[in-house]
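Read off the chains here:
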Amino acid sequence: MADLAVETVQTVLPAQADDQLKTLIDDFLMDLEIFRRSPHTITNYRSDLGRFQKFIIEQGRPLDIVLIRSYLGTLQNVAPATRARHHSALNTFFEWCYRHDLIAVNPMSKFRPPKVSPGLPRPIHRKDLERLMQAIRKSKPRERLLFTLLVETGLRIDEALGIYVEDIVLSAGQEGIRFRGKGEYEREIPLPFEFESLKLLRAYLRNEDLTAGPLFRTGKYKDQRMTYSTAYYQWTKLCERAEVKCEIHQLRHTAATELVNSGVGVGTVRQLLGHRNLQTTQRYAELSGQTVRHELDAFARKKTRIR
């Protein structure tokens, strides 16, 4: 790991620190890979930090709070979500430097993260979903398992691609997947007996003779973890066959909406999706009157029995 001395809060890196900054960024990204952070997150951080590094080199002076503010100012004309992502990349990087005693403080603590209004859920239209499911059922075992798992559980695509065989539990009554999701938040995804994805998972493990390592693999010898770009390519081909236009992430919106509208409690859906904030999950809670009546009737019956 690169050694870096910092004398003041104002000067984050010394003047001739271009190579050191690159080394630090490389070490940081390597740590993210070791701790199995989302490949998509790592790709974004590499791009954002690369842009930041280029800006610092062009300035030719010590990296300090003023320089960081100037860099953030160059992002004013990009989308709020993009600014928030850049802020997150810098904050996570400098926090990593601080934890490793490479800087005195995290300079990003001086800046408020951009506010991003949460977008409304965009579930796939019912007719489009039916066509997609028909296409998924005709796909090869790997893609069929992957996309069925997404639509039944609401997993993020990066979370699914990060599943290792060692994370899978197939004991009777305990079937599920344990893993670290977004923000290193550990959670477990149950796989009920009725889920098609559980049946596909058992068959896939047996037919591929998988006992350890990544669940979804690519490469000549099938020894590499499936990348997002590969999954995205397979998704686009699937959508073409189904004659549907939608994004992979909409499978997550669809799963959450289906669960909530089927009467599954928001707290359960929150746990399943790995949301930290209940308000995020409540965006899906546009329940029909029939569902509301069903839950109230169930509550009334339970209350009567208690009396």
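Our subject is the structure listed above.
Residues numbered from 1 in each chain as written. Predicted model: local features only at pLDDT ≥ 70, side-chain atom pairs only at ≥ 80, totals over all residues. Heavy atoms only, no water.

*Asks:* Go over a nonpolar patch on the surface with me, naming the residues and quoting the values.
*Replies:* On the surface, Met30, Ile34 and Phe35 cluster together to form a nonpolar patch covering roughly 330 Å² of accessible area. Of note, Ile34 is situated in helix α1 (residues 18-34). Take Ile34: its relative accessible area is 56%, and that puts it in the exposed class. (Patch = residues over 30% accessible without salt bridge, like charges linked within 9 Å, V, L, I, M, F, W, Y side chains within 5 Å. Areas by Shrake-Rupley, 256 points an atom, 1.4 Å probe, with all protein chains shown as cover. Salt bridge = Lys/Arg side-chain N within 4 Å of Asp/Glu carboxyl O. Helix = DSSP H or I, 4+ residues; strand = E, 2+ residues; numbered from the N terminus. Buried < 20%, exposed > 50% of the residue type's maximum accessible area, 1.4 Å probe, protein only.)

*Asks:* Go over the packing of helix α6 (residues 141-153) against helix α8 (residues 196-208) with me, naming the residues and quoting the values.
*Replies:* If you want to describe how two helices pack, look at the angle between their axes and the distance between the axes. Between α6 and α8, the shortest axis-to-axis distance is 9 Å and the interhelical angle comes to 150°. Here α6 is positioned roughly antiparallel relative to α8, judged by the angle of their axes. Judged by the sense of rotation from one axis to the other, the crossing of α6 with α8 is left-handed. Every residue of α8 that contacts α6 at Pro141, Arg142, Arg144, Leu145, Thr148, Leu149 and Glu152 is listed here: Glu196, Ser197, Leu200, Leu201 and Tyr204. Tallied by class, residues from the contact of α6 with α8 come to six nonpolar, two polar and four charged. (Axes fitted to C-alpha atoms, helices over the stretch in contact; angles between N-to-C directions. Parallel < 35°, antiparallel > 145°, perpendicular 65-115°, else oblique. Left-handed = near helix turned anticlockwise from the far one by under 90°. Contact = heavy atoms within 4.5 Å. Nonpolar A, V, L, I, M, F, W, Y, C, P; charged D, E, K, R; others polar.)

*Asks:* Report on empty space enclosed by the protein, specifying residues and quantitative values.
*Replies:* Scanning the entire structure with this criterion turns up two cavities of 30 Å³ or more. Considered as a void within the structure, the second largest cavity measures approximately 30 Å³ in volume. If you trace the second largest cavity, you find it lined by Leu150, Leu155, Arg156, Ile157, Ile248, His249, Leu251 and Arg252. Across the lining of the second largest cavity, the residue classes tally to five nonpolar, one polar and two charged. (1 Å grid on protein atoms, 1.4 Å probe; cavity = no way out; pocket = protein on both sides within 12 Å on 5 of 7 lines; lining within 4 Å. Points joined across faces, edges and corners; volume = space filled by probe spheres on them.)

Don't take any of this as a statement about function, it's just geometry.
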